[in-house]
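Coordinate inspection notes
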Amino acid sequence: MHPDGNAPLLHPRHGGPWVSCAGAGRIMKNRTPSPSMPPLAGGTATAGFLVAMNVILFVALAAIYGRGISHAALFVSDTFVFFDGIHRILKGQSPNADFWSPVGPIPYLLPYFGYRITGTFSGAVEMGSLLLAAPTLTVASVLLWRRTSPVMALLILGTIAAVIVVPLVPGQGANQISHAMHYNRWGWGLLVALFLLGLPGGNGRRWAFLAAVLCGGLLVGLFLTKITYFLVAVAYLALLATLPGNGRSNALIALVTGAALLTVITLFSTGVIFGYVHSIQEALRSDSAVRGSYFDVAFSNRDNIGILILATYAVLLRPGLSWRSLALVGFIMVSGVAIIDQNYQFKFIVSLPVAFAILSASAAADASDRFRIASIIVASAYLVVAPYATDWARVTLQHVRAPTGQLPGIQDPRFDNLYIYNSATDIADSQAADSSVDLYDGPYDMTSLLDGKIPISHLTRTEFLPVLEEGARLLKSLGADKSEITTLDFVNTMPLMVDASRKSRGYSWMHFGRNMSDDTLPEGAEMFKDVSYIAVPLKSATHPSVYRLLSHYGDYLTANTLVAGHSKNWVVLRHEPGAKG
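Since this is a predicted model, take the numbers as computed values, not measurements. (Residues numbered from 1 in each chain as written. Predicted model: local features only at pLDDT ≥ 70, side-chain atom pairs only at ≥ 80, totals over all residues. Heavy atoms only, no water.)

As for the overall build of the chain
Looking only at helices and strands, the chain features 22 helices and twelve strands. Looking at the chain as a whole, 56% of its 581 residues are labelled buried. Restricting to contacts in the chain with at least 6 residues of sequence separation, those with at least 24 account for 75%. For the chain, the exposed area adds up to about 24,600 Å²; of that, 61% sits on carbon and sulfur atoms. (Helix = DSSP H or I, 4+ residues; strand = E, 2+ residues; numbered from the N terminus. Buried < 20%, exposed > 50% of the residue type's maximum accessible area, 1.4 Å probe, protein only. Contact = heavy atoms within 4.5 Å. Areas by Shrake-Rupley, 256 points an atom, 1.4 Å probe, with all protein chains shown as cover.)

Focus on the pattern of salt bridges
Note that side chains of opposite charge can pair when their charged atoms are close. Overall, the coordinates contain ten salt bridges when judged by the stated rule. Among the ionic pairs, Asp84 bridges to Arg502, the shortest N-O distance being 2.8 Å. In this pair, Asp84 is assigned in helix α3 (residues 76–90) and Arg502 in the loop between α20 (494–498) and β8 (506–507), connecting sequence segments 418 residues apart. On the basis of relative accessibility, which here comes to 0%, the residue Asp84 falls in the buried class. A residue is classified by how much of its surface remains accessible, and Arg502, at 6% relative accessible area, is buried. The shortest N-O distance in the salt bridge between Glu463 and Lys539 comes to 3.0 Å. Separated by 76 residues along the polypeptide, Glu463 in the loop between β6 (457–458) and α19 (464–477) and Lys539 in strand β10 (residues 539–540) bring together distant segments of the chain. Where salt bridges share partners, they join Asp84, Arg88 and Arg502 into one cluster. (Salt bridge = Lys/Arg side-chain N within 4 Å of Asp/Glu carboxyl O.)

Quick notes on the environment of Phe356
Relative to the helices and strands, Phe356 is located in helix α15 (residues 352–363). Assessed through its relative accessible area of 1%, Phe356 is described here as buried. In this structure Phe356 touches Met152, Ile307, Leu308, Ala311, Ile377, Ser380, Ala381 and Val384, once residues within four positions along its chain are discounted.

What about the environment of Ser325?
Position of Ser325 among the secondary structure elements: in helix α14 (residues 323–342). The class of Ser325 is buried, set by a relative accessible area of 2%. Counting along the chain gives 85 residues from Ser325 to Leu240, while the straight-line C-alpha distance between them is 9.9 Å. When neighbours within four sequence positions are excluded, Ser325 is seen to be in contact with Ile358 and Ser362.

Brief notes about helix α4 (residues 106–118)
Across its 13 residues, α4 extends 18 Å between first and last C-alpha, which sits within 8% of the 18 Å expected from 1.5 Å per residue. For α4, the full list of buried residues reads Ile106, Pro107, Tyr108, Leu110, Pro111, Tyr112, Gly114 and Tyr115. Close packing links the buried residues of α4 with α3, β4 (99–100), α5 (124–144), α7 (182–195) and α8 (205–223). (Expected span 1.5 Å × (residues − 1).)

Topic: the nonpolar core
Among the nonpolar cores identified, the biggest contains 110 residues, and Leu194, Phe195 and Phe356 are the most heavily contacted of them. With eleven residues, helix α6 (residues 150–165) is the largest single contributor of residues to this core. Among all residues touching Leu194, those that are not within four sequence positions of it are Cys215, Leu218, Leu219, Leu222, Ala233, Tyr236 and Leu237. Grouped together as the second largest cluster of nonpolar side chains are 48 residues, Phe121, Met181, Ile410 and Ala472 included. (Core = buried A, V, L, I, M, F, W, Y, C linked by side-chain atoms within 4.5 Å.)

Structural notes on the sheet that holds strand β9 (residues 533–537)
Taken in spatial order, the four strands line up as β7-β9-β12-β11 in an open sheet, and their pairing is mixed. The two strands at the open ends of the sheet, each matched to only one other strand, are β7 (485–487) and β11 (561–566). Strand-to-strand twist of the sheet, defined as the mean angle between neighbouring strand axes without regard to direction, takes the value 25°. Relative to β9, β7 runs parallel, the two sharing three bridges. Across the sheet, residue Thr486 finds its bridge partner in β9, namely Ile534. The strands that α19 touches are β7, β11 and β12 (570–575); relative to β12, the one it contacts most, it runs at about 40°. (Pairing = 2+ DSSP bridges. Axes fitted to C-alpha atoms, helices over the stretch in contact; angles between N-to-C directions.)

Things to note about the packing of aromatic side chains
Centre distance and the angle of the planes are the two values used to describe a pair of aromatic rings. Tallied over the full model, the rule gives 23 aromatic pairs. Each ring, one from Phe348 and one from Trp392, has its centre 5.7 Å from the other, and the planes form 55°; the classification is tilted. In this pair, Phe348 is assigned in the loop between α14 and α15 and Trp392 in helix α16 (residues 369–400), connecting sequence segments 44 residues apart. No difference in accessibility class separates Phe348 from Trp392, as the two residues are buried. By the ring-pair criterion, three or more aromatic residues cluster together here, those being Phe80, Phe83, Tyr115, Phe121, Phe415 and Phe464. Above the plane of the ring of Phe299 lies Arg302, whose end atom (NZ or CZ) is 4.1 Å from the centre. (Phe/Tyr/Trp six-rings, centres within 6.5 Å; stacked < 30°, edge-to-face > 60°. Lys NZ or Arg CZ within 6 Å of the ring centre and 35° of its normal.)

Section: a nonpolar patch on the surface
A surface patch of nonpolar side chains, about 330 Å² in accessible area, is lined by Val51, Val55, Phe58 and Val59. With respect to the helices and strands, Val55 occurs in helix α2 (residues 47–65). (Patch = residues over 30% accessible without salt bridge, like charges linked within 9 Å, V, L, I, M, F, W, Y side chains within 5 Å.)

Describing the pairing of β11
The pairing of β11 with β12 spans five bridges and is antiparallel. Within β12, the position partnered with His566 by the bridge is Val571. Taking the residues that link successive antiparallel strands as the turn, the β11-β12 hairpin has three residues.

Thoughts on α14
Taking 1.5 Å per residue as the helical rise, α14 with its 20 residues ought to reach 28 Å, and the 28 Å between its terminal C-alpha atoms agrees with that figure. The complete set of buried residues in α14 reads Arg324, Ser325, Leu328, Val329, Phe331, Ile332, Ser335, Gly336, Val337, Ile339, Ile340 and Asp341. Its buried side turned inward, α14 meets α7, α9 (227–242), α10 (247–268), α12 (294–300), α13 (302–316) and α15.

Regarding the confidence of the model for the chain
Close reading of the predicted structure is inappropriate where its pLDDT is low. A residue-level look at the chain finds 86% of positions with pLDDT of 70 or above and a mean pLDDT of 86. Here strand β1 (residues 9–10) stands out as the element of the chain with the lowest mean pLDDT, 40, in contrast to α5, whose mean of 98 is the highest. (pLDDT = per-residue confidence, 0-100.)

Details of the packing of α5 against α8
The interhelical angle for the contact between α5 and α8, taken along N-to-C directions, is 145°, at an axis separation of 10 Å. Note on packing geometry: the crossing formed by α5 with α8 is left-handed. In this structure, α5 contributes Val139, Val142 and Leu143 to the contact, and α8 contributes Trp207, Leu210, Ala211, Leu214, Cys215 and Leu218. In terms of residue class, the contact of α5 with α8 is built from nine nonpolar, no polar and no charged. (Left-handed = near helix turned anticlockwise from the far one by under 90°. Nonpolar A, V, L, I, M, F, W, Y, C, P; charged D, E, K, R; others polar.)

Observations concerning the pairing of β12
Within β12, five of the six residues are buried, which leaves the element mostly enclosed by the surrounding structure. Inspection of the sheet shows β9 paired to β12 by five bridges, in the antiparallel sense. Bridging from a neighbouring strand, Tyr533 pairs with Arg574 of β12.

Side note on the packing of α9 against α14
At a minimum axis separation of 11 Å, α9 and α14 run at an interaxial angle of 165°. With respect to each other, α9 and α14 are oriented roughly antiparallel. Considering the relative orientation of α9 and α14, their crossing is right-handed. Together, Thr228, Tyr229, Val232, Ala235, Tyr236, Leu239 and Leu240 of α9 and Arg324, Ala327, Leu328, Phe331, Ile332, Ser335, Ile339 and Gln342 of α14 make up the contact between the two elements. For the contact of α9 with α14, the residue count by class is eleven nonpolar, three polar and one charged. (Parallel < 35°, antiparallel > 145°, perpendicular 65-115°, else oblique.)

Okay, structure coming up:
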């Protein structure tokens, strides 16, 4: 017995001192992991480390994606939605105020600035992505500073940088490269950065205030990008404000800062904000898309969700995981499923690394075996991201190598270095259309179009720009390029192709059952106000939209237009109100 009569003694080794069981427990508790097994959760992300990682990530991505090159193997029509937006801004229009869109102005303005830098539409979206990545990575670094391990911080910064910059719809394979719908990638990146406010721990009052104000800025960025991500961010901050801990005041400051900034922006850009809200309301009234259930989305992501649940269970095996951390992890998982269900996306909850970071920070609160559990959680986070990081790497390698896609083959330097790829489905659909339809040799008039006598066939991706150029030549031959033009299709491409004036208002894109419908479309007189020529494509990648628009406005166009000219793939109508009255 120990001389105090309370605790037995451990036999000393190698002549060491007698140690009580209580003392041994204290020694084991403070014992650090063996140097032979470097802990992934060890250390803290210092300012120097974070600055170095930011510089390396940004310089590497800028060197690859800042060269004015674009690849498109998917969603070429969606790509031209934002090329059209760039052209509208060049002609003096404002996003959401002069052309209507249920996504915010940032997805239009940053590609516009990208176009100003590159001088071409090719690479404009990629350059805009770089312009967004720089401040987002900076804010994320402030939020990560001394609150997680370097290994975990690297994963989160890498995820933010990749999802914002690499032109790939999250969860798609590398062979489906496309910078279309970049607003979804940007929303993920901004949201991941904001979620970092929920990490346990802090760095004093000044840091807390700075972090909260920066998150208020992220909140504004999310609103001006896409409302879905903004609503998730508001809900996350509201949850954080109700939970115990130092994050409560931070969340409240972030919400107040975001509200104040949005108020100022609304005062100075009333048309933009009100137009944005109006487009969201119209999209909500029109939306008839059939999506899978949340269960279907969760099942598609069962591997990643399963790993997160196992990581949570590992932490729960030892006491100490707060309900605060558990609530935030659960919110990140559930909100990720909801976002995927709303997006054109099927897999990859991009925000999951933050959930693992919260778990690892909770598990590493002391230096017992929980420290090893924290390292396993960090490794699990890498395991979740690894398949998608592989696709990011493959897409990046494709941008480095000599391009293998087909160039547009048109005489327009604005599209230099835009490489487009066909899919097997494209080729099959095109062959089926070409083999089943005879050449039309009747009159090109609205009656023939409405009766379906003039076929509108499928357009493959590699035909996209050559067919647009054909339409541009037709319009120029009619002298229409000096007038106001609109295209009766999913996206209004013709004014962009002939560099026409942009005075008329209209939709950024026209997707029935998503952002507009027969019930929400304006009357023909309003829709075609100030328009002199209407281009109707006879070959379109989005031919259902052409048919629906012809059906909706057929009576008006029959009474108020004349056929000005036609080519193999286009009919151009001259708008003359009352021409046949």
